[in-house]
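Here's the letter readout for the chains.
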Amino acid sequence: MAMMESGGGYPTRLLSMLQDLYPGSTLNNVGISGDTSDDLINKQLEPAVNLLSAAPAGNLKIALVWIGSNDLFGLYNWVCDDEYGNDYSACEEATFGYYSDNINTILTSLKTTGSQIYVALLDDQSKRPVMTDPALRVDSFPQITDVDVSRMSTQVSIYNDEITRLSSANGATTVDFFNTTIFENWTTLSDDGNHPNGAGYDLIATIWYQAISGASKPVAPTLTVTIVGTSVTLAWNTVSGATGYTLFYAPFPYTGPETIGSIDMGTETGISVDLWKGASFYVAVQANNSVGSSGYSNVGFFSIP
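Residues numbered from 1 in each chain as written. Predicted model: local features only at pLDDT ≥ 70, side-chain atom pairs only at ≥ 80, totals over all residues. Heavy atoms only, no water.

Peer 1: I keep staring at the packing of aromatic side chains and nothing clicks. Help me out?
Peer 2: For any pair of aromatic rings, the description rests on two quantities: the centre-to-centre distance and the angle between the ring planes. Tallying each qualifying case throughout the model produces 18 aromatic pairs. Ring centres of W66 and F177 lie 4.2 Å apart, and the angle between their planes is 20 degrees; on these two criteria the pair is classed as stacked. Highlighted residues: W66 in the loop between β3 (61-65) and α3 (69-83) and F177 in the loop between β5 (173-176) and α8 (198-213), separated in sequence by 111 residues. As far as the burial class goes, W66 and F177 line up, both buried. Ring pairs connect the aromatic residues Y10, W66, F177, F183 and W208, which therefore count as one cluster. (Phe/Tyr/Trp six-rings, centres within 6.5 Å; stacked < 30°, edge-to-face > 60°. Helix = DSSP H or I, 4+ residues; strand = E, 2+ residues; numbered from the N terminus. Buried < 20%, exposed > 50% of the residue type's maximum accessible area, 1.4 Å probe, protein only.)

Below is the structure:
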């Protein structure tokens, strides 16, 4: 498999995940941070098309496209002010037309390479801390006002509708970053309140992987507990798509999360142990795969009489 992506610091994470599905895969990252859709066409599109076209015959080729956030940041930070004299309606109408043409050019060009194309739906960047925190906003985008932020939110939805329409017309698959909180939650953001941190890039890679592979987290298993004398048997059903299971246990009475222990069960779907009289525990199981872990099974409880 050969793959081209246009994006941030998640490529190596994604490639590592895809190696299990497509051993020997390679990735060429031609994305440039800060670029707009105009920049992508002028600097990145031709190299991407050439790389994909040159991939060995018979290889699965994938192109990932994520573009538009910088179009909108630039639109409200200076374009509408400097080029349209704050005539927002005229500015938004004209620049939307340019963006639509750019997305269509990108997708039709990539389509000629015979690649599977995946296109990101934009997050609502008006919700990023760099927009909601006035101090961060003035440092990065000094000309964006509260009114601009509100209009930006509306425009993101308009852009996403156009991405969806043009993706459908060109046989591309959209990937939903709009309904995530990666760019809103400080636990997944760097200090600038705008770009992801390592945890954010992990989530981004997982979302792309799910789209490409059709994979998802496994469902939770169902746990049963059987007691015979001082022997306890825990068993759970095999979960489709799971590559392993984790058993969790906590003594009764429960005194806090620090008392929870876990056992990597590999692919086993049960365990029997001999315990002592009076032993009392809560138990639960999660199913795991390369995408992540299921929720917990039903919580079991046993007490050895």
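Peer 1: I keep staring at the sheet that holds strand β11 (residues 280-288) and nothing clicks. Help me out?
Peer 2: In sheet architecture, strand pairing relies on hydrogen bonds along the backbone and comes in two forms, parallel and antiparallel. The strand order across the open sheet built from 4 strands is β9-β8-β11-β12, with neighbouring strands paired in antiparallel fashion. Only two strands of the sheet have a single partner each, and these edge strands are β9 (261-266) and β12 (300-303). Going from strand to strand, the sheet's axes swing by 25 degrees on average, the running direction of each strand aside. Two elements, β11 and β12, share 4 bridges in a ladder whose sense is antiparallel. (Pairing = 2+ DSSP bridges. Axes fitted to C-alpha atoms, helices over the stretch in contact; angles between N-to-C directions.)

Peer 1: Please clarify how the packing of helix α4 (residues 88-111) against helix α7 (residues 146-169) should be interpreted in this entry.
Peer 2: The angle between the axes and the distance between the axes are what describe a pair of packed helices. Taken N-terminus to C-terminus, the directions of α4 and α7 make an angle of 30 degrees; their axes are 10 Å apart at the nearest point. With respect to α7, the axis of α4 lies roughly parallel. You can see that α4 and α7 cross each other, and the crossing is right-handed. Contact with α4, carried on its side by Y88, S89, E92, T95, F96, Y99, S100, I103, N104, L107 and K111, involves D148, R151, Q155, I158, Y159, E162, I163, R165, L166, S167 and A169 of α7 and no other residues of that element. (Parallel < 35°, antiparallel > 145°, perpendicular 65-115°, else oblique. Left-handed = near helix turned anticlockwise from the far one by under 90°. Contact = heavy atoms within 4.5 Å.)

Peer 1: Teacher, can you tell me more about the packing of α3 against α7 here?
Peer 2: Closest axis-to-axis distance for the α3/α7 pair is 10 Å, and the angle between their directions is 145 degrees. Of the two elements, α3 crosses α7, and the hand of that crossing is right-handed. Contact residues: L72, F73, L75 and Y76 in α3; D148, R151, M152, Q155, V156 and Y159 in α7. Residue composition of the contact of α3 with α7, grouped by class: 7 nonpolar, 1 polar and 2 charged. (Nonpolar A, V, L, I, M, F, W, Y, C, P; charged D, E, K, R; others polar.)

Peer 1: Sorry, what's going on with the pattern of salt bridges here?
Peer 2: Under the counting rule described, the total for this entry stands at 6 salt bridges. Where D35 meets K43, a salt bridge forms, and the shortest distance between an N and an O atom there is 3.2 Å. By relative accessible area, which is 9% here, D35 ends up buried. For the salt bridge of R128 with D123, the shortest nitrogen-to-oxygen distance reads 2.7 Å. Overall, the relative accessible area of 6% leaves R128 in the buried class. (Salt bridge = Lys/Arg side-chain N within 4 Å of Asp/Glu carboxyl O.)

Peer 1: Whenever I open this one, the nonpolar core confuses me. Can you help?
Peer 2: One broad rule of soluble globular proteins: the nonpolar side chains tend to lie buried together. In terms of nonpolar packing, the biggest core is built from 60 residues, with W66, L110, I204 and W208 touching the most fellow members. Core analysis: the next-biggest nonpolar cluster, separate from the first, contains 16 residues, V232, V239, L247 and I304 among them. (Core = buried A, V, L, I, M, F, W, Y, C linked by side-chain atoms within 4.5 Å.)

Peer 1: Please explain α3 as it appears in this structure.
Peer 2: Because the α-helix completes a turn every 3.6 residues, residues three or four places apart line up on one side. Maximal helix bending in α3 amounts to about 55 degrees, located at L75. Across the 15 residues that make up α3, a large majority, 11, are buried. Of all the positions in α3, only S69, D71, L72, F73, G74, L75, Y76, N77, V79, C80 and D81 are classed as buried. The elements touched by buried residues of α3 are α2 (37-53), α4, α5 (129-132) and α7. Remark: G85 follows α3 within two positions and exhibits a positive phi of approximately 55 degrees. (Bend = angle between axes of the 7 residues up to and from the residue.)

Peer 1: Got a minute to help me understand the state of the cysteines in this structure?
Peer 2: Among covalent bonds in proteins, the disulfide is the one between the sulfur atoms of two cysteines. Applying the stated criterion across every chain, the model contains 1 disulfide. Residue C80 pairs covalently with C91 via a disulfide, S to S 2.0 Å. Judged by the sign of its S-S torsion, about -85 degrees, the bond between C80 and C91 is left-handed. Of this pair, C80 sits in helix α3 while C91 sits in helix α4, and the two are 11 residues apart along the sequence. (Disulfide = S-S within 2.5 Å.)

Peer 1: Whenever I open this one, the sheet that holds strand β10 (residues 270-274) confuses me. Can you help?
Peer 2: Across the sheet, 3 strands lie side by side as β6-β7-β10; this open sheet has antiparallel pairing. Whereas interior strands pair on both sides, the edge strands pair on one side only; in this sheet they are β6 (223-228) and β10. In this sheet, neighbouring strand axes are inclined to one another by 15 degrees on average, regardless of whether the strands run parallel or antiparallel. One ladder, built from 6 bridges, connects β6 with strand β7 (residues 231-236); its direction is antiparallel. Its bridge partner being in β7, T224 is matched across the sheet by A235.

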